[in-house]
Amino acid sequence: MKTKTTKKSAKKTAPRKTAKKKTAKRKTPAKKSSSRRAVKKTSAPRKLLLAAEPLPFRIENASGAAQALVLCDHASFRVPRALKDMGLKKNVLKRHIGWDIGAEDAALHIARAFGAPAVIAQYSRLVVDLNRGPHYRECMPETSDHVKIPANADLNKKDREQRLAEIYRPYHKAAARVIDRQIAAKRPPLILSIHSMTPRMDGVSRPWHMSLLWNREAKLARCVAQALRRARPDILVGENEPYTLTGERFVGSTIWRHTEERGLPYLLVEFRQDLVDTRQKAAAWAEVFIKAVRPVLDDPETFAGRKIKPKGK
Ligand SMILES: [Zn+2]
């Protein structure tokens, strides 16, 4: 989700050299660069990601044996060098429009606590939003929270396809492969999709400390929401707030693609950004979530009676 931050609280995604990751070959089909248009800052270069730049994803805890998988679509505000910070100032990129502040720290804490693998995105949602269907305009937004994104103005088909080919599809294929392996090992996972939300959007406050969102998995999400309230009567837990996963906008999203299309259980959580904007705070709120999720993860009923597709895409 979109989150507000201050310069002080914004942190870079861990650089590639510090990441424990399972490598995957970057797919960068040779493409001819589009014609250079003087007014446009980001005509598609031959290759979007240079050899020295991170892969579109990294996998933490790859050998984690838990029956769970953590996904973090909006973990980073990194932009490929070729896109020149999307035509934005760095401090704008680090605002909530560029990434989900605190989500990566929460996701990693959750993955470690459960012993689950985690697929972490390594580029900004402004380059390509991994949590949108590829055909939606919002997948490469021209504006975000009233900020115009110069590098996304008038994108042609080639520009769009390049971002899909080099970032979007490799990320989702990586997630699908991890899930395939878990299913093959008789551990079909509970998908934990970790996001953070701005405390205020379009002048409207978001009072929830965290919120659970769903389309069809109401029973699971409500069970965890109730557990959160029992454990922490002092906090507000949202249910399908500040938005819902239902409707056409949901089609093509991460949850749609990797869970409901495959018959897998899931929880999508939005932590309120001001509560998770340091590693310590993110860990503390992740702990609250973990305690509420653990009984669900340990309950065979969570996985019972599902028709699960063995291969994803
Ligand atoms: Zn998000």
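Every residue gets a number counted from 1 within its own chain, in the order that chain's sequence is written. Thresholds applied to this predicted model are a pLDDT of at least 70 for local features of residues and 80 or more for the giving and counting of side-chain atom pairs; totals over whole chains, interfaces and linings are not thresholded and use all residues.

Going along the chain from the N terminus, every DSSP run of H or I of four or more residues is numbered as a helix, and every run of E of two or more is numbered as a strand. Scanning the chain from N- to C-terminus turns up six helices and 11 strands. Here the chain, with 313 residues, has 47% of them falling under the buried criterion. Contacts are defined on C-beta atoms placed from the backbone: any two residues whose C-beta positions lie within 7 Å are in contact. Restricting to contacts in the chain with at least 6 residues of sequence separation, those with at least 24 account for 83%. Field definition: a residue is buried when 20 or more other C-beta atoms are found within 10 Å of its C-beta, exposed when 12 or fewer are, and partly exposed for counts in between, with C-beta atoms placed from the backbone.

Moving on, we get to the pairing of strand β3 (residues 118-121). By the alternation rule, side chains of β3 split into A118 and I120 and V119 and A121, which are all buried. Alignment of strand β1 (residues 57-60) against β3, held across four bridges, turns out to be antiparallel. When the bridges of β3 are listed, E60 appears paired with A118. Note on pairing: two strands pair once DSSP finds at least 2 bridges between them. The pairing of strand β2 (residues 68-72) with β3 spans three bridges and is parallel. Paired with C72 across the bridge in β3 is I120.

The next point concerns the environment of Q122. Relative to the helices and strands, Q122 is located in the loop between β3 and β4 (143-144). Residue classification places Q122 among the buried positions, given that 23 C-beta atoms sit within 10 Å. Taking C-alpha positions, Q122 is 7.2 Å from R58, a pair spaced 64 residues apart along the chain.

Bringing unusual backbone geometry into the picture now. Trans peptide bonds make up most of the peptide bonds, and negative phi angles are found at most residues other than glycine. Residues E241 and P242 are joined by a peptide bond in cis, for which omega reads -5 degrees. Residue position: P242 is located in the loop between β10 (237-239) and α5 (254-260). You will see that M86, though not glycine, has its phi angle at about 60 degrees, which is positive. Structurally, M86 is set in the loop between β2 and α1 (90-93). Its identity is not glycine, yet D145 carries a phi of approximately 45 degrees, on the positive side. What makes D145 partly exposed here is the crowd of 14 C-beta atoms within 10 Å.

Bringing the sheet that holds strand β6 (residues 190-197) into the picture now. Spatial ordering of the open sheet is given by β1-β3-β2-β6-β11-β9-β10, a layout of seven strands whose pairing is mixed. The open sheet has two edge strands, β1 and β10, and neither has a second partner. Ignoring which end each strand starts from, the neighbouring axes of this sheet average 20 degrees apart. Only the stretch in contact is used when fitting a helix axis, every axis being a line fitted to C-alpha atoms; angles between N-to-C directions are given from 0 to 180 degrees. The sheet contacts of helix α3 (residues 157-184) involve β1, β2 and β3, and relative to β1 the element is tilted by about 25 degrees. Strands β9 (210-213), β10 and β11 (266-272) of the sheet are contacted by helix α4 (residues 218-231), whose axis makes an angle of about 165 degrees with β10.

To continue, consider the nonpolar core. By convention in this section, buried Ala, Val, Leu, Ile, Met, Phe, Trp, Tyr and Cys residues joined through C-beta atoms within 7 Å make up a nonpolar core. Among the nonpolar cores identified, the biggest contains 75 residues, and V70, C72, A106, A107, I110, A118 and L267 are the most heavily contacted of them. The contact partners of A118, leaving out residues within four places of it in the chain, are I59, E60, N61, V70, C72, A107, L108 and A111.

Between its first and last C-alpha atoms helix α6 (residues 279-298) spans 27 Å; for 20 residues at 1.5 Å apiece the expected length is 28 Å, and the two agree. Of the positions making up α6, those classed as buried are A282, W285, A286, F289, A292 and V293. Multiply 1.5 Å by the residue count of a helix minus one, and that product is the helix's expected span.

The interhelical angle for the contact between helix α2 (residues 103-114) and α6, taken along N-to-C directions, is 45 degrees, at an axis separation of 8 Å. Judged on the interaxial angle alone, α6 and α2 are oblique. The crossing of α2 and α6 is right-handed. Packed against α2, whose contacting residues are D105, A106, H109, I110, A113 and F114, the element α6 presents R279, A282, A283, W285, A286, F289, I290 and L297 at the interface. Class assignment for the residues of the contact of α2 with α6 results in 11 nonpolar, one polar and two charged. Comment on the angle field: the value is read as roughly parallel under 35 degrees, roughly antiparallel over 145, roughly perpendicular from 65 to 115, and oblique elsewhere. Helix crossings are classified by the rotation of the near helix relative to the far one: an anticlockwise turn of less than a right angle makes the crossing left-handed, while a clockwise turn makes it right-handed. Residues are grouped as follows: Ala, Val, Leu, Ile, Met, Phe, Trp, Tyr, Cys and Pro are nonpolar; Asp, Glu, Lys and Arg are charged; every other residue, Gly included, is polar.

Attention now goes to the confidence of the model for the chain. Mean pLDDT for the chain: 89, with 86% of residues reaching 70 or above. This stretch, residues 1-25, has a pLDDT under 50; its non-local contacts, to residues over four places away or in other chains, come to 56 contacts. On a range of 0 to 100, pLDDT expresses the predictor's confidence in each residue. In the predicted structure, residues 27-40 sits below a pLDDT of 50 and forms 20 contacts with residues beyond four places in sequence or in another chain.

Attention now goes to the environment of T254. Its place among the elements puts T254 in helix α5. Looking at T254, the number of C-beta atoms within 10 Å reads 25, which means it is buried. When residues no more than four places from it in sequence are discounted, the contact partners of T254 are L71, D73, L130, N131 and S193.

Turning our eyes to something else, we now look at the pairing of β2. By the criterion of burial, β2 is predominantly enclosed, with five of the five residues buried. Neither face of β2 is left uncovered, since the one carrying A68, V70 and C72 and the one carrying L69 and L71 both have all their residues buried. Looking at chain direction, β2 and β6 are connected through four bridges and run parallel. Across the sheet, L69 pairs through a bridge with I191, a residue of β6.

Packing of α4 against α6 brings their axes to within 9 Å, and their N-to-C directions diverge by 130 degrees. Compared by their axis directions, α4 and α6 come out oblique. Judged by the twist between their axes, the crossing of α4 over α6 is right-handed. Contact residues: L220, C223, V224, A227, L228 and A231 in α4; V288, K291, A292, V293, P295 and V296 in α6.

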